[in-house]
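Coordinate analysis (summary)
Below, each chain spelled out in residue letters.
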Amino acid sequence: MKTSLTFVGPLSFAVQRATVSFLALLPFVFIARKGLPRDRSTITNLLILALANIVAVVPQYIALLYETSGISAVLNYTQPLFVFCLSVLFLGGKPSRVRLVGSLTGFLGVAVLSLGEVRSFGEIAWYAIALLITGAFFWAVTIVYYKKKLTHVNPTSINALQQAMSVIVVTPIALRIEGPSLPLSLSYALMLLYLAVFGSAIAQNLWLWLLKEEDVTVVASSSFLIPLIAVVLGWLILGERLTIVPIVGMILILSGIYLVHRP
């Protein structure tokens, strides 16, 4: 995503990614059209979920302009901690002590990983930090809201609606702020295709299916792996620093995930 944003603005990127993802999902929505919701309550819940998803995703794209991919992933994936708290409040969850320790250990790993990415606190773009934490919180909201209200709906239909709503809501804002923008670049086209098809269509469908079938705390804790991977890829591909501090963070993350998933 960070590399893609060197070609286009964050709002335009959000629209283009959502558009390609929606088109990729559309044939499967038609196949499953008999299962599409028609009652007002479900449709209202779907719209609320889609709007919360926009608030979760768009700040992440904007913040990526101002922070390294590692820092952005680290803060965005504080989401499991928010899920842990919200699931107790709204899903009646009673996580075990081991899961609590595992979630906190994973979060500590995220914090250590973050420190390994910052040379000095003066270099932090605090407005970007606020955007990333906002996005993480609303991502957690979408997870808990989906689990509570919409697990009876086909995940592909939910995913397609989220992408369509992103296009409808963000397009006029993108045109107003950034103007029309569509880079004629093969590199950008391939990155956009990968992120839209594999990142939004396929991965998001799998994510929704897992949330439907499993405990949200367990599924969300697996997200701690993503900042770990992002830091490593930032080091390999973007030349970002990798020192002993983020390595310690990675060990803590893996330990936390093990504790949460332990029978």
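Computed from a prediction, not measured in an experiment: that's the story for all the values here.

Concerning the overall build of the chain
Secondary structure assignment for the chain yields 11 helices and 0 strands. The secondary structure elements of the chain, listed N-terminal to C-terminal, are α-α-α-α-α-α-α-α-α-α-α. Computed over its C-alpha atoms, the radius of gyration of the chain comes to 18 Å, within 12% of the 18 Å expected for a compact globule of 263 residues. When its C-alpha atoms are laid out on the principal axes, the chain stretches across 50 × 45 × 25 Å. Looking at the chain residue by residue over its 263 residues, the buried ones come to 46%.

A few points about the environment of P37
Its location among the elements puts P37 in the loop between helix 1 (10-31) and helix 2 (40-63). Of the residues examined, P37 reaches a relative accessible area of 23% and is grouped as partly exposed. Other than its neighbours up to four places away in sequence, P37 contacts T42, I43, L46 and V153.

Structural notes on the nonpolar core
Within soluble globular proteins, side chains that are nonpolar generally end up buried alongside one another. Counting 20 residues, the largest nonpolar core has I143, Y146, L150, I158 and L211 as its most contacted members. Looking at this core, the elements with two or more residues in it are helix 2, helix 4 (79-90), helix 6 (126-149), helix 8 (186-213) and helix 9 (216-221). Every residue in contact with Y146, bar those within four places of it in the chain, is listed here: L49, T151, P155, I158, L208, L211 and K212. Within the second largest apolar cluster, 17 residues are counted, among which are V15, I54, V58 and L195.

Remarks on helix 6
Its 24 residues place the ends of helix 6 34 Å apart at the C-alpha level, agreeing with the 34 Å of an ideal helix rising 1.5 Å per residue. When we look at burial in helix 6, the residues that qualify are A128, I129, L132, G135, A136, W139, A140, T142, I143, V144 and Y146.

Side note on the packing of aromatic side chains
Here the structure, examined in full by the defined rule, presents 6 aromatic pairs. Considering the side-chain rings of F137 and F138, the 5.5 Å spacing of their centres and the 85° angle between planes classify their relative orientation as edge-to-face. According to the relative accessible area criterion, F138 is partly exposed, its value standing at 29%. The rings of F82, F137 and F138 are connected pair by pair, giving a single aromatic cluster.

Description of a nonpolar patch on the surface
Taken together, the side chains of L225, I229, L233, W235, L236, I237, L238 and L254 make up a nonpolar region of the molecular surface, amounting to roughly 760 Å² of accessible area. Residue placement: L225 occurs in helix 10 (residues 225-237). On the basis of relative accessibility, which here comes to 31%, the residue L225 falls in the partly exposed class.

Some thoughts on the side chain of S157
The topology assignment puts S157 in helix 7 (residues 155-177). Among residues more than four places away in sequence, those in contact with S157 are V29 and L36.

Side note on helix 10
Helix length check: helix 10, at 13 residues, gives a terminal C-alpha distance of 18 Å against a target of 18 Å (1.5 Å per residue), a fit within 8%. Buried within helix 10 we find P227, L228, A230, V231 and G234. Looking straight down helix 10, one finds that the buried residues subtend no more than 165° of arc, so they occupy a single side. Seen from the open side of helix 10, the exposed residues pointing more than 90 degrees away from its buried face are L236 and I237. Positive phi appears at G239, one or two residues downstream of helix 10, with a value of about 70°.

Topic: the environment of N159
Topologically, N159 is positioned in helix 7. Of the residues examined, N159 reaches a relative accessible area of 0% and is grouped as buried. Taking the C-alpha atoms as reference, N159 lies 30 Å from L104; in sequence the two are 55 residues apart. Discounting chain neighbours no more than four positions away, the residues touching N159 are L25, S200, A201, Q204, N205 and L208. Polar side-chain contacts of N159 include one of 3.0 Å to the side chain of Q163.

Rules used throughout
Residues numbered from 1 in each chain as written. Predicted model: local features only at pLDDT ≥ 70, side-chain atom pairs only at ≥ 80, totals over all residues. Heavy atoms only, no water. Helix = DSSP H or I, 4+ residues; strand = E, 2+ residues; numbered from the N terminus. Rg over C-alpha atoms; globule rule 2.2 N^0.38 Å. Buried < 20%, exposed > 50% of the residue type's maximum accessible area, 1.4 Å probe, protein only. Contact = heavy atoms within 4.5 Å. Core = buried A, V, L, I, M, F, W, Y, C linked by side-chain atoms within 4.5 Å. Expected span 1.5 Å × (residues − 1). Phe/Tyr/Trp six-rings, centres within 6.5 Å; stacked < 30°, edge-to-face > 60°. Patch = residues over 30% accessible without salt bridge, like charges linked within 9 Å, V, L, I, M, F, W, Y side chains within 5 Å. Areas by Shrake-Rupley, 256 points an atom, 1.4 Å probe, with all protein chains shown as cover. Salt bridge = Lys/Arg side-chain N within 4 Å of Asp/Glu carboxyl O. Arc of directions from axis to C-beta. Polar contact = N/O pair within 3.5 Å; in protein donor to acceptor, adjacent residues only side chain to side chain.

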